[in-house]
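Fold and contact review
So the chains spell out like this:
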Amino acid sequence: MNPIRHPIRFRIFLVSLVPTMALLGAALINNQYLNSLGYSAEQILSKNYKSIRAAQEARKALEEIRNPLLVNVSRRQHATAVSQATLTKLAANLNVCRENITESGERELIDRLFESYASYEPLVNALRENQTDEWPGERFTDFLALTAQMVFLIDDLVLINETARERAEQETRLLASQAQRNTAILFGVIIVAILVL
């Protein structure tokens with residue numbers, strides 16, 4: 001009796017081992033796929049978030065420079081000194097945007113922003129310690145127009161990255177659901193094969 005039982009047990013073990021290994025292999029493949037999918041989505045989303053954050057900080061810096069000057073115009077006062085730290089913050093955030101280009105159309109906006117900034121900084125420096133009787137003058141009008149132009153460009157930059165982030169989230173959800181469906185089908189086939197064997 002024993003010589004017969006051992007070969008049967010061994011055969012049963014071999015028959016059950018094949019689908020079990022297939023099940024483990026499928027689980028590992030699925031896990032690697034989902035991990036790489038999650039990592040790539042995280043990278044895309046973090047890059048878009050970095051651009052959005054930097055653009056919003058640049059916009060805030062533009063407003064911090066413009067608003068005190070507008071207040072002075074309304075009070076009929078001469079321009080006060082604009083903080084150099086605010087100008088530095090503006091330049092730093094624009095540089096972050098330039099170093100973090102991920103979407104189509106973003107480079108063109110960044111190039112236009114830097115072209116505007118090349119005129120903006122000297123204009124702000126000219127207004128920083130304005131002590132002439134002609135206040136506000138033509139320079140101030142140019143400053144307001146340039147500020148508005150840069151704000152519009154920054155808003156477009158934020159929109160591009162927010163749209164890309166939403167699209168990446170949707171694609172990630174779609175791929176994840178497809179992976180789950182394919183895995184469920186694969187596991188179902190393996191389980192049926194195990195039961196049949």
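Just above sits the structure.
A brief look at the structure comes next. (Residues numbered from 1 in each chain as written. Predicted model: local features only at pLDDT ≥ 70, side-chain atom pairs only at ≥ 80, totals over all residues. Heavy atoms only, no water.)

Another point: the overall build of the protein. Each helix and strand in the protein was counted, giving four helices and zero strands. Scanning the protein from its N terminus toward the C terminus, one meets helices and strands in the order α-α-α-α. By the burial criterion, 29% of the 197 residues in the protein qualify as buried. Considering only contacts within the protein whose residues lie at least 6 apart along the sequence, 82% involve residues at least 24 apart. A total accessible area of about 12,600 Å² is found for the protein, and carbon and sulfur atoms account for 58% of it. (Helix = DSSP H or I, 4+ residues; strand = E, 2+ residues; numbered from the N terminus. Buried < 20%, exposed > 50% of the residue type's maximum accessible area, 1.4 Å probe, protein only. Contact = heavy atoms within 4.5 Å. Areas by Shrake-Rupley, 256 points an atom, 1.4 Å probe, with all protein chains shown as cover.)

Glancing now at the packing of aromatic side chains. This model, assessed by the stated rule, comprises three aromatic pairs. These aromatic residues form a ring-pair network of at least three members: Tyr117, Tyr120, Phe140 and Phe143. When the ring centre of Phe114 is taken as origin, the NZ or CZ atom of Arg98, which lies over that ring, is 3.9 Å away. (Phe/Tyr/Trp six-rings, centres within 6.5 Å; stacked < 30°, edge-to-face > 60°. Lys NZ or Arg CZ within 6 Å of the ring centre and 35° of its normal.)

Time to look at the pattern of salt bridges. Applying the stated criterion across every chain, the model contains five salt bridges. Glu57 is the partner of Arg53 in a salt bridge, and the nearest nitrogen-oxygen pair spans 3.5 Å. Of this pair, Arg53 and Glu57 both sit in helix 1 (residues 2-74), four residues apart, which is roughly one turn of the helix. On the basis of relative accessibility, which here comes to 43%, the residue Arg53 falls in the partly exposed class. Arg59 is the partner of Asp155 in a salt bridge, and the nearest nitrogen-oxygen pair spans 2.8 Å. (Salt bridge = Lys/Arg side-chain N within 4 Å of Asp/Glu carboxyl O.)

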